[in-house]
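Residue strings, one per chain:
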Amino acid sequence: MSRLSLNQATVKYADLPGAVAACLRAEIPGIGLWREPVAEYGLRKTAALLRETDLVPTSMCRGGFFTSPDSDQRIKDLADNRAAIDECAELGVPELVLVSGGLPAGSQDIDGARALVLDSLAELAPYAGERGVRLAIEPLHPMFCSDRCVVATLDQALDLAMHFPAEQVGVVVDTYHIWWDPNVYRAIERAAGRISAFQVCDWITPLPEGVLLGRGMMGDGCIELRRMRRAVDAAGYTGPIEVEIFNETIWNTDPAEIAELTAARYLEHVH
């Protein structure tokens, strides 16, 4: 249990104090934060709440969305990412999770979009490093390439990260997004020293309309979760294991109940 963290997305409809209370009740020592509920509660109040409860913030979601070709929009996007880095630094959050952004409207140039991601990382990596925050590139399943994330495999995320010092840019290993990749275990081995976060949930079918909310509780799907955890461990990762689930049924369940189920399924299927 010492590595377990509950990502706020898993209890989306709970406010920050509610999510913290659910973690404490289930004896979950870590929490993965999201910028929006933190902003709603207040940055300083969030920092105070974490200190009072000794709950460890394991990551912040999210930065990124780097693929706009419009120069004015890019300036705004970079400024927002710098603000996210500053928020992480103030809260003592070590990792800022990045979702790269999808294809610009009307574009089919996926290579060009990926080049924009690299350009943005070059702008932000030194800024993050100076503040003790690591940028964590998260590859998303290929079904999200068009609208959310042109980085679709762990190898692609690593290819981007390798341009920068390991303390500035790492990668997220999220079971939901990469379990299908026949090269995934070689990629995890390659990621030694670069793994910023390990996030777990399960793949369940049929996927809902819109596919975004199709993540399942560990043990309800087909991912070899313990095998992947062992691979991440073998690559030298000893950090938190975050449970991040986007699922309307889970969101509509009492947060305390979800936290307790999360802890039980983590021990049964991941640990």
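Residues numbered from 1 in each chain as written. Predicted model: local features only at pLDDT ≥ 70, side-chain atom pairs only at ≥ 80, totals over all residues. Heavy atoms only, no water.

A word on the packing of helix H3 (residues 43–53) against helix H4 (residues 71–91)
The relative placement of two packed helices is expressed as an angle between their axes plus a distance between the axes.
Then, in step 1: Interaxial distance between H3 and H4 falls to 9 Å at its minimum, and their mutual angle equals 35°. Here the hand of the crossing between H3 and H4 comes out right-handed. Judged by residue contacts, Leu43, Arg44, Thr46 and Ala47 of H3 engage Glu87, Glu90 and Leu91 from H4.
Then, in step 2: Class assignment for the residues of the contact of H3 with H4 results in three nonpolar, one polar and three charged. (Axes fitted to C-alpha atoms, helices over the stretch in contact; angles between N-to-C directions. Helix = DSSP H or I, 4+ residues; strand = E, 2+ residues; numbered from the N terminus. Left-handed = near helix turned anticlockwise from the far one by under 90°. Contact = heavy atoms within 4.5 Å. Nonpolar A, V, L, I, M, F, W, Y, C, P; charged D, E, K, R; others polar.)

Structural notes on the pattern of salt bridges
Where charged atoms from two side chains of opposite charge approach closely, those side chains can pair.
Then, in step 1: For the structure on display, the rule yields 16 salt bridges.
Then, in step 2: Here Arg35 and Glu87 are joined by a salt bridge, their closest N and O atoms 2.9 Å apart. Of the two residues, Arg35 is situated in helix H2 (residues 35–41) and Glu87 in helix H4; the sequence distance between them amounts to 52 residues.
Then, in step 3: Here Arg35 falls in the buried class, since its relative accessible area comes to 13%.
Then, in step 4: For Glu123, the salt bridge identified is with Arg82, shortest N-O distance 3.6 Å. Of this pair, Glu123 sits in helix H5 (residues 110–130) while Arg82 sits in helix H4, placing them 41 residues apart in sequence. (Salt bridge = Lys/Arg side-chain N within 4 Å of Asp/Glu carboxyl O. Buried < 20%, exposed > 50% of the residue type's maximum accessible area, 1.4 Å probe, protein only.)

Observations regarding the side chain of Ser5
Then, in step 1: Within the element layout of this structure, Ser5 appears in strand E1 (residues 4–7).
Then, in step 2: Classification of Ser5 by relative accessible area gives buried; the value is 0%.
Then, in step 3: Side-chain polar atoms of Ser5 contact the side chain of Thr58, separated by 2.8 Å.
Then, in step 4: Each residue touching Ser5, except ones within four places of it in the same chain, is listed here: Ile28, Gly30, Ile31, Gly32, Thr58, Pro240, Ile241, Glu242 and Val243. (Polar contact = N/O pair within 3.5 Å; in protein donor to acceptor, adjacent residues only side chain to side chain.)

What to know about the nonpolar core
Then, in step 1: Of all hydrophobic cores here, the largest spans 82 residues; its most connected members are Leu33, Leu96, Leu121, Leu135 and Ile188.
Then, in step 2: With residues near it in sequence (within four places) discarded, Leu121 still touches Phe66, Leu98, Pro126, Leu135, Ile137, Leu160 and Phe164.
Then, in step 3: Membership of the second largest hydrophobic core comes to nine residues, among which are Ala9, Cys61, Val172 and Phe246. (Core = buried A, V, L, I, M, F, W, Y, C linked by side-chain atoms within 4.5 Å.)

Thoughts on helix H6 (residues 154–161)
Then, in step 1: Burial runs high along H6: six of the eight residues are buried.
Then, in step 2: Those residues of H6 not exposed but buried are Leu154, Asp155, Ala157, Leu158, Leu160 and Ala161.
Then, in step 3: The inward-facing, buried residues of H6 abut H5, strand E5 (134–137), strand E6 (169–174), helix H7 (175–178) and helix H8 (184–190).

A look at the sheet that holds strand E4 (residues 95–99)
Then, in step 1: Pairing is parallel around the closed barrel formed by eight strands, whose spatial order is E1-E2-E3-E4-E5-E6-E7-E10. When the angles between neighbouring strand axes are averaged without regard to direction, this sheet yields 30°. (Pairing = 2+ DSSP bridges.)

Considerations on the pairing of strand E3 (residues 56–64)
Then, in step 1: In terms of burial, E3 is largely enclosed, as seven of its nine residues are buried.
Then, in step 2: As defined by bridge partners, strand E2 (residues 30–34) adjoins E3 across five bridges and the pair is classed as parallel. Residue Gly30 lies in a different strand from E3, and its bridge partner there is Val56.
Then, in step 3: Two elements, E3 and E4, share four bridges in a ladder whose sense is parallel. Directly across from Gly63, in E4, lies its bridge partner Leu98.
Then, in step 4: Handedness of the crossover joining E3 and E4 through H4 is recorded here as right-handed. (Right-handed = clockwise from strand over helix to strand, strands pointing away.)

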